[in-house]
Amino acid sequence: MSSAASYKLHIPGPVQVSEKTMQAMTAPMIGHRSNDFVALYQSIQPDLQSLFYTKDPVFLSTSSAWGVMEGSVRNLTHKKVLNCMNGAFSDKWNDVAQRLGKSAGALKFEWGKPVDPEAVRAELSTGAYDTITFIHNETSTGTMSDIAAIMAVVREFPDVLSIVDTVSSFSVVPIKKDELGIDVLLTGSQKALAMPPGLALCSVSQRALDRAKTMPDRGYYFDFLEFLSNHEKGMTPSTPVIPLIYALRSKLDDILAEGVEARYARHRKLNTMVREWGSSKGFELFPEARYGSIALNCFANTREVDLSAANKLLKSKHRLVIDGGYGKLKGKTFRISNMGDETEETITALIGALDDVFGGLLGG
Ligand SMILES: *Cc1c(COP(=O)(O)O)cnc(C)c1O
């Protein structure tokens, strides 16, 4: 194996991809208009719908998550979009909406704070908006907002369509799309689903499709109505990344074999193990603990460990890497992912390595 791949990723995406998933991608190529493709696509739908807790179609987009994040705004925002901003990814969504030429309102929270449902209500009450975006799990700060409380507020405004990013929380915790009334629920392949990057998944409600019909400038590649008409034939609008769809089939089999409830419980357990390690070393979470993500832990680097030295040692001695802080939080926080296929055994090994390296750097 090449040296570039001889260490394990504990960064919050991309995460480690299992040998089984990698192998699934090597299946022989098929034509994307063939019956074999239709069978593959249609076999995936019911399992995806159950994971999304929805009766709506789940579209497969050959892009990273940003493709459908941008596309959703393009399909749905006629009047004005409210962007809830509490970290790097959600901040950027506001920028992206403006680059599309959309009228956009910024609802800003300090990094590390969750989205506040009361602030959402106050802003939506102005009547200025027809769309809202927010990120369930802000990966940059390890902050998980209260999606049920936010959606309860959004449902008070029937003209406002909701676009919710669950890139790093999908399948980590249950996210019940239809029950919550989410119009577009989207995720990507390389984080919580532990697949290689390049595939985005999004489920779109009927009223979002109805809104899209009234939008004149949806473009082509991310047009929801193109996705829908092809979906009805068991296909995608253009040639999709077929190896990743094989990988998705394999991953769905894994998830079904484990059982979703067991999967959610495993993530919670592993997340707690890492969180307890951090607190045993005197590190607090960057966000308030009750909003701490279940998919990763973002610790405040209050003990001022040299994080680049830590990562160098982790990589050379233990063959794994963690994240030394995103964007403006570089050096000030560190993030450790427990997404995907991690087990008690692998997290115990990770903690052993962290103990060794941090113990040395902390002088203890
Ligand atoms: C990683 C991430 C994205 C962006 O995903 P890409 O795959 O780079 O497009 C968006 N939202 C969240 C919450 C993320 O963690």
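First, a word on scope: everything that follows refers to the structure included in this document. Note that the structure is predicted; figures quoted are calculated from it, not measured.

Further remarks concern the overall build of the chain. Along its length, the chain carries 13 helices and 13 strands. In terms of C-alpha radius of gyration, the chain reaches 20 Å, essentially the compact-globule figure of 21 Å for 364 residues. Its C-alpha atoms give the chain principal-axis dimensions of roughly 65 × 55 × 35 Å. A total of 364 residues make up the chain; the buried ones form 57% of that total. Contacts spanning at least 24 positions in sequence make up 72% of the contacts within the chain whose residues lie at least 6 apart. Summing over all exposed atoms, the chain offers an accessible surface of approximately 14,500 Å²; the carbon and sulfur share of this is 53%.

We now examine the pattern of salt bridges. If charged atoms from side chains of opposite charge come close, those side chains can pair. The final tally for this structure, using the stated rule, is 21 salt bridges. For R121, the salt bridge identified is with E156, shortest N-O distance 2.7 Å. With a gap of 35 residues between them, R121 in helix α5 (residues 117-124) and E156 in the loop between α6 (147-154) and β8 (161-165) connect regions that are remote in the sequence. Residue R121 is classed as partly exposed on the basis of its relative accessible area of 27%.

Moving on to the side chain of S293. Residue position: S293 is located in the loop between α11 (260-280) and β11 (296-300). Those residues in contact with S293 that sit more than four places away from it in its chain are N137, G142, T143, M144, N271 and R275.

With that out of the way, let us pick up the packing of aromatic side chains. All chains considered together, the criterion is met by 13 aromatic pairs. Look at W66 and W93: their rings are 6.4 Å apart centre to centre, the planes differ by 85 degrees, and that puts the pair in the edge-to-face class. Here the residue W66 occupies a position in helix α3 (residues 65-76), and W93 occupies one in helix α4 (residues 88-99), the gap between them amounting to 27 residues. Chaining the aromatic ring pairs together yields one cluster made of W277, F283, F299, F334 and F358. One Lys or Arg, K328, reaches over the ring of W111 and ends 4.2 Å from the middle of that ring.

The subject of this paragraph is the state of the cysteines. Note on terminology: disulfide describes a covalent bond linking the sulfur atoms of two cysteines. Taken as a whole, this structure holds zero disulfides when the rule is applied. Not engaged in a disulfide, the cysteine C84 finds its nearest cysteine sulfur in C202; these two sulfurs lie 19 Å apart. Since its relative accessible area comes to 1%, C84 is described here as buried.

Moving on to the site of the ligand. What surrounds the ligand is the set S64, A65, W66, M69, F89, I135, N137, T139, D165, V167, Q190 and K191. At 2.5 Å from an oxygen atom of the ligand is found a side-chain nitrogen or oxygen belonging to S64. Within the side chain of Q190, one N or O atom sits 2.7 Å away from an oxygen atom of the ligand. Within the complex, the protein chains bury 90% of what would otherwise be the 380 Å² of accessible surface of the ligand. Looking at which element gives the most residues to the shell around the ligand, the answer is α3, with three residues. For the shell around the ligand, the residue count by class is six nonpolar, four polar and two charged.

Let's shift gears to α3. Side chains that are three or four residues apart share a direction in an α-helix, a result of its 3.6 residues per turn. Taking 1.5 Å as the rise per residue, α3 with twelve residues should run 16 Å; its terminal C-alpha atoms sit 17 Å apart, in good agreement. The buried fraction of α3 is high, at ten of twelve residues. For α3, the complete set of buried residues consists of A65, W66, G67, V68, M69, G71, S72, V73, N75 and L76.

Procedures and definitions
- Residues numbered from 1 in each chain as written.
- Predicted model: local features only at pLDDT ≥ 70, side-chain atom pairs only at ≥ 80, totals over all residues.
- Heavy atoms only, no water.
- Helix = DSSP H or I, 4+ residues; strand = E, 2+ residues; numbered from the N terminus.
- Rg over C-alpha atoms; globule rule 2.2 N^0.38 Å.
- Buried < 20%, exposed > 50% of the residue type's maximum accessible area, 1.4 Å probe, protein only.
- Contact = heavy atoms within 4.5 Å.
- Areas by Shrake-Rupley, 256 points an atom, 1.4 Å probe, with all protein chains shown as cover.
- Salt bridge = Lys/Arg side-chain N within 4 Å of Asp/Glu carboxyl O.
- Phe/Tyr/Trp six-rings, centres within 6.5 Å; stacked < 30°, edge-to-face > 60°.
- Lys NZ or Arg CZ within 6 Å of the ring centre and 35° of its normal.
- Disulfide = S-S within 2.5 Å.
- Near = heavy atom within 4 Å.
- Polar contact = N/O pair within 3.5 Å; in protein donor to acceptor, adjacent residues only side chain to side chain.
- Nonpolar A, V, L, I, M, F, W, Y, C, P; charged D, E, K, R; others polar.
- Expected span 1.5 Å × (residues − 1).

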